[in-house]
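A look at the structure
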Amino acid sequence: MKLIDEETGYEISFRQVKQEEDLERLHHWHHQAHVIPFWKQNFPLPDYKAHLQKLLDDRHQTLYIGHVNGEPMSYWECYWAKDDIIADYYQVDDEDQGIHLLFGPNEYLGKGLALPFLRAMTAFLFQHEATSKIVAEPDIRNEKMIHIFKKCGFEPQKEIELPDKRGLLMFCERTSFFRRWKNVNFIEQQHV
């Protein structure tokens, strides 16, 4: 998927992760100081390779690399909530989807990219017409990301104790998302 965020002018694109193409990139990103505390996947390369393959083989989720103006800079896990551990923490609907994300290279931090990317991915997931809710559960310590989720339209629900973190369960409802962003148009250019 490739589109132009008309509000910012950024060309935003997402493509599915490929083990052979993305292994070293994702391994490197998971070793960044700003990523380690929240993802805890700074494994040695052979272990990370096995971990990534397990994620790629998991049919309840799809992994993406996000690009800005053609440059890879973010990683996304988009999943069906009913098949995820998150379903144990709220009244899940069969069509609810969820998002995990990270920005890899330091040079893309603090550049105002998080909101346009999250907005684009949320709009992309809402293209599945039966989905009325997108869920997220950022680490409760990750105040910057929680702030971005709120700006995008995600509403805090409750703190939850997940196996790997204390998270803040957040929901983004279809109607409130499109009401909030009614003046932002994404022009899909082509599928990549």
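So, here is what we can say about the structure in this document. (Residues numbered from 1 in each chain as written. Predicted model: local features only at pLDDT ≥ 70, side-chain atom pairs only at ≥ 80, totals over all residues. Heavy atoms only, no water.)

This part covers the overall build of the chain. A tally of helices and strands in the chain yields six helices and nine strands. Across the 192 residues in the chain, those meeting the buried criterion constitute 52%. Summarising the internal contacts of the chain: among those between residues at least 6 apart in sequence, 65% fall at separations of at least 24. Summed over its atoms, the accessible surface of the chain is roughly 9700 Å², and 48% of this surface lies on carbon and sulfur atoms. The distance from the centre of the 23 positive side-chain charges to the centre of the 31 negative ones in the chain is 4 Å. (Helix = DSSP H or I, 4+ residues; strand = E, 2+ residues; numbered from the N terminus. Buried < 20%, exposed > 50% of the residue type's maximum accessible area, 1.4 Å probe, protein only. Contact = heavy atoms within 4.5 Å. Areas by Shrake-Rupley, 256 points an atom, 1.4 Å probe, with all protein chains shown as cover. Lys, Arg positive; Asp, Glu negative; His and termini not counted. Charge placed at Lys NZ, Arg CZ, Asp CG, Glu CD.)

The next thing to look at is the layout of surface pockets. Approximately 1300 Å³ is the volume attributed to the largest pocket. Residue lining of the largest pocket: 45 residues in total, with F38, W39, H100, L101 and L102 positioned closest to the centre. Mapped onto the lining of the largest pocket, the elements with two or more residues apiece are helix 2 (36-39), helix 3 (45-57), strand 5 (97-103), helix 4 (114-125) and helix 5 (143-152). Sorting elements by how many residues they give to the lining of the largest pocket places helix 5 first, with seven residues. By residue class, the composition of the lining of the largest pocket is 22 nonpolar, 10 polar and 13 charged. (1 Å grid on protein atoms, 1.4 Å probe; cavity = no way out; pocket = protein on both sides within 12 Å on 5 of 7 lines; lining within 4 Å. Points joined across faces, edges and corners; volume = space filled by probe spheres on them. Nonpolar A, V, L, I, M, F, W, Y, C, P; charged D, E, K, R; others polar.)

Let us look at unusual backbone geometry. In this structure, K40 takes a positive phi of about 55° despite not being glycine. Secondary-structure assignment places K40 in the loop between helix 2 and helix 3. On the accessibility criterion, K40 (41% relative accessible area) is partly exposed. Even without being glycine, N69 reaches a positive phi, approximately 50°.

For the rest of this paragraph, the subject is the packing of aromatic side chains. All told, the structure shown has 11 aromatic pairs when counted by the stated rule. Measuring from ring centre to ring centre gives 4.9 Å for F149 and F154, while their planes differ by 80°; the resulting arrangement is edge-to-face. On the basis of relative accessibility, which here comes to 3%, the residue F149 falls in the buried class. With a centroid separation of 5.0 Å and an interplanar angle of 85°, the aromatic rings of F177 and F178 are classed as edge-to-face. By way of ring pairs, the aromatic residues F14, W76, F103 and F117 are connected into one cluster. Residue placement shows R119 over the ring face of W181; its charged tip is 4.4 Å from the ring centre. Lying over the aromatic face of F171, K133 brings its terminal NZ or CZ to 4.5 Å of the ring centre. (Phe/Tyr/Trp six-rings, centres within 6.5 Å; stacked < 30°, edge-to-face > 60°. Lys NZ or Arg CZ within 6 Å of the ring centre and 35° of its normal.)

With that settled, the discussion passes to the side chain of S74. By the secondary structure assignment, S74 is in strand 4 (residues 71-80). Only 2.8 Å separates the side chain of S74 from the side chain of W76, close enough to count as a polar contact. The residues contacting S74, other than those within four sequence positions of it, are W29, Y64, I65, G66, L102, F103, G104 and F117. (Polar contact = N/O pair within 3.5 Å; in protein donor to acceptor, adjacent residues only side chain to side chain.)

Here G110 lies in the loop between strand 5 and helix 4. By relative accessible area, G110 is classed as exposed at 83%. Spatially, the C-alpha atom of G110 lies 25 Å from that of F178, the residues being 68 residues apart in sequence.

Turning next to the packing of helix 4 against helix 5. The contact between helix 4 and helix 5 brings their axes to 9 Å, and the two run at 55°. In terms of orientation, helix 4 and helix 5 fall into the oblique class. Crossing handedness for the pair helix 4 and helix 5: right-handed. Residue-level inspection shows A114, L115, L118, R119 and T122 of helix 4 in contact with helix 5, the latter providing I148, F149, K151 and C152. Of the residues belonging to the contact of helix 4 with helix 5, the class tally is six nonpolar, one polar and two charged. (Axes fitted to C-alpha atoms, helices over the stretch in contact; angles between N-to-C directions. Parallel < 35°, antiparallel > 145°, perpendicular 65-115°, else oblique. Left-handed = near helix turned anticlockwise from the far one by under 90°.)

Everything listed is a geometric property; what it means functionally is a separate question.
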